[in-house]
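Observations on chain architecture
Spelled out from the first residue to the last, the chains are:
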Amino acid sequence: LFAIFAFATCGGYSGGLRLSVDCANKSESDLNIDIAFAYPFRLHQVNFDAPTCEGKRREKLSLIGDFSSSAEFFVTIAVFAFLYSLAATVVYIFFQNKYRENNRGPLIDFIVTVVFSFLWLVSSSAWAKGLSDVKVATDPDEVLLLMSACKQQSNKCLPVRSPVMSSLNTSVVFGFLNFILWAGNIWFVFKETGWHSSGQRHPPDTMEKQSSSYNQGGYNQDSYGPAGGYNQPGSYGQVGEYGQSQSYSQSGPTSFANQI
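Please read these numbers as outputs of a predicted model, since none were measured by experiment.

With that settled, the discussion passes to the packing of helix α2 (residues 68–94) against helix α4 (residues 104–137). Taken N-terminus to C-terminus, the directions of α2 and α4 make an angle of 155 degrees; their axes are 9 Å apart at the nearest point. One way to sum up the angle between α2 and α4 is to call them roughly antiparallel. In terms of crossing hand, the pair formed by α2 and α4 is left-handed. Between α2 and α4, the residues in contact are Ser70, Ala71, Phe73, Phe74, Ile77, Ala78, Phe80, Ala81, Tyr84 and Tyr92 and Ile108, Asp109, Val112, Phe116, Leu119, Trp120, Val122, Ser123, Ser124, Ala126, Trp127 and Gly130, respectively.

What follows is the structure, given as C-alpha cells:
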C-alpha cells in the first residue's frame, strides 16, 4: 500500500500555472497564459507562447530543466517494490514449505529487503532534490523572467495561478516512509534466516556445560558428610587444637561436664 501511494502520487501528477502579461498597448496583452506540465517533468519540452508587446508578434518559449531521471527512478523503485511485496505475500501464504526449504527463501528475502531499503533511501533523496528543482523551474516569478515583454517597465507581468505541489510533496513523504518500513523489516527477515537463532545457541550450550560441571563439583557431593567432621560420630573423640570447641558445639553442656 505504501508503494502504491508513492508511485501514484508522483506518476499520476499533472499541474500547471497561469501568467498575465499586460502590455502598454492593451490590444497586445495576454492575461491568461496557461502552462501545463506533468510527469516525468521534462520541462524543457513544455512550450508556450507569450506576447512580446511589439505588435501582434508572439514568442515561443519553454520551461527550463529535465527532471525525468529522478522522477522515473523513484516511480520505478516504487513499482518494483509493490510487485515484490505482492509476490512475497503469495509465497508467505501458499508456499511456506518451499520458502523455508534449505533456508533459501529467507536468505533471498533478506538480501532483497536490504537492497530495496537502500534503493528507497537513494530514490527518495534524489526525488526530493528533483522536486525542489521542479518547484523552482515552475515558479511563476521565474517563468516571467523568460519573457522579453516582462523586461520592459511599461508592461506589467503578474502570476495568476501557481502550480499545486501537494501530491508531489506527499510522494516524497511516502518515499521515506517506505524506506523506514523496509529498513525496519530487515530485522524480522533476518530472524527468518536462522542466523539469529544459530547465533544464540552457543550461550545456552555454554551455560549447560557450566551447570553440569558445577553439579559434578563438590557442592552436590556430601561435603558435610564423610569429608567433614560435623556429621561423623568419631569427630567427638578427636583431640586437636579445636577438639574441645567441636565437642562443646555438638554435644552440649553434658559433654562439656564429662570432659571436666
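On we go.
Bringing the sheet that holds strand β1 (residues 14–22) into the picture now. With respect to topology, three strands assemble into an open sheet ordered β2-β1-β5, the strand pairing being antiparallel. Among the strands making up the open sheet, the edge pair consists of β2 (30–38) and β5 (156–161). Pairs of neighbouring strands in the sheet enclose a mean axial angle of 25 degrees, with direction left out of account. Direction of pairing for β1 relative to β5: antiparallel, over a ladder of five bridges. Looking at β5, one finds that valine 21 is bridged to cysteine 157.

Here the focus is the state of the cysteines. According to the stated counting rule, one finds two disulfides in the structure shown. The disulfide bridge from cysteine 23 ends at cysteine 53, spanning 1.8 Å between sulfur atoms. Where cysteine 23 bonds to cysteine 53 through sulfur, the torsion about that S-S bond is close to -70 degrees, and the disulfide is left-handed. Of the two residues, cysteine 23 is situated in the loop between β1 and β2 and cysteine 53 in the loop between β3 (47–51) and β4 (58–62); the sequence distance between them amounts to 30 residues. Each member of the pair, cysteine 23 together with cysteine 53, is buried. Sequence-ordered numbering of the disulfide-bonded cysteines in the protein chain gives the connectivity 1-2, 3-4.

Right, let's talk about helix α1 (residues 2–11) for a bit. Regarding α1, the residues found buried are Ala3, Ala6, Thr9 and Cys10. Along the axis of α1, the buried residues cluster in a sector spanning 150 degrees; they form a single face. Structurally, α1 contributes buried residues whose contacts are with α2, α4 and α6 (166–192).

A few words now on the layout of surface pockets. Its volume calculated, the largest pocket comes out at about 320 Å³. What lines the largest pocket is a set of 17 residues, and nearest its centre among them are Ala81, Ser85, Leu181, Trp182 and Asn185. Listed by contribution, the elements that provide at least two residues to the lining of the largest pocket are α1, α2, α4 and α6. Take the lining of the largest pocket: its biggest share by element is seven residues, from α2. Considered class by class, the residues forming the lining of the largest pocket number eleven nonpolar, five polar and one charged.

Their axes nearest at 8 Å, the elements α1 and α2 cross at an angle of 150 degrees. On the basis of their axis angle, the class for α1 and α2 is roughly antiparallel. In this structure, α1 meets α2 at a crossing whose hand is left-handed. Residues Ala3, Ile4, Ala6, Phe7, Cys10 and Gly11 of α1 touch α2, and the partners they reach there are Ala71, Phe74, Val75, Ala78, Val79, Ala81 and Phe82. Along the lines of polarity and charge, the residues of the contact of α1 with α2 split into twelve nonpolar, one polar and no charged.

Summarising the element assignment, cysteine 10 is placed in helix α1. Judged by relative accessible area, which is 0%, cysteine 10 ranks as buried. A sequence separation of 117 residues divides cysteine 10 from tryptophan 127, and the C-alpha atoms of the two residues are 9.6 Å apart. Among all residues touching cysteine 10, those that are not within four sequence positions of it are Tyr39, Ala71, Phe74, Val75, Trp127, Leu168 and Ser171.

Cut-offs used in this document
Residues numbered from 1 in each chain as written. Predicted model: local features only at pLDDT ≥ 70, side-chain atom pairs only at ≥ 80, totals over all residues. Heavy atoms only, no water. Axes fitted to C-alpha atoms, helices over the stretch in contact; angles between N-to-C directions. Helix = DSSP H or I, 4+ residues; strand = E, 2+ residues; numbered from the N terminus. Parallel < 35°, antiparallel > 145°, perpendicular 65-115°, else oblique. Left-handed = near helix turned anticlockwise from the far one by under 90°. Contact = heavy atoms within 4.5 Å. Pairing = 2+ DSSP bridges. Disulfide = S-S within 2.5 Å. Buried < 20%, exposed > 50% of the residue type's maximum accessible area, 1.4 Å probe, protein only. Arc of directions from axis to C-beta. 1 Å grid on protein atoms, 1.4 Å probe; cavity = no way out; pocket = protein on both sides within 12 Å on 5 of 7 lines; lining within 4 Å. Points joined across faces, edges and corners; volume = space filled by probe spheres on them. Nonpolar A, V, L, I, M, F, W, Y, C, P; charged D, E, K, R; others polar.

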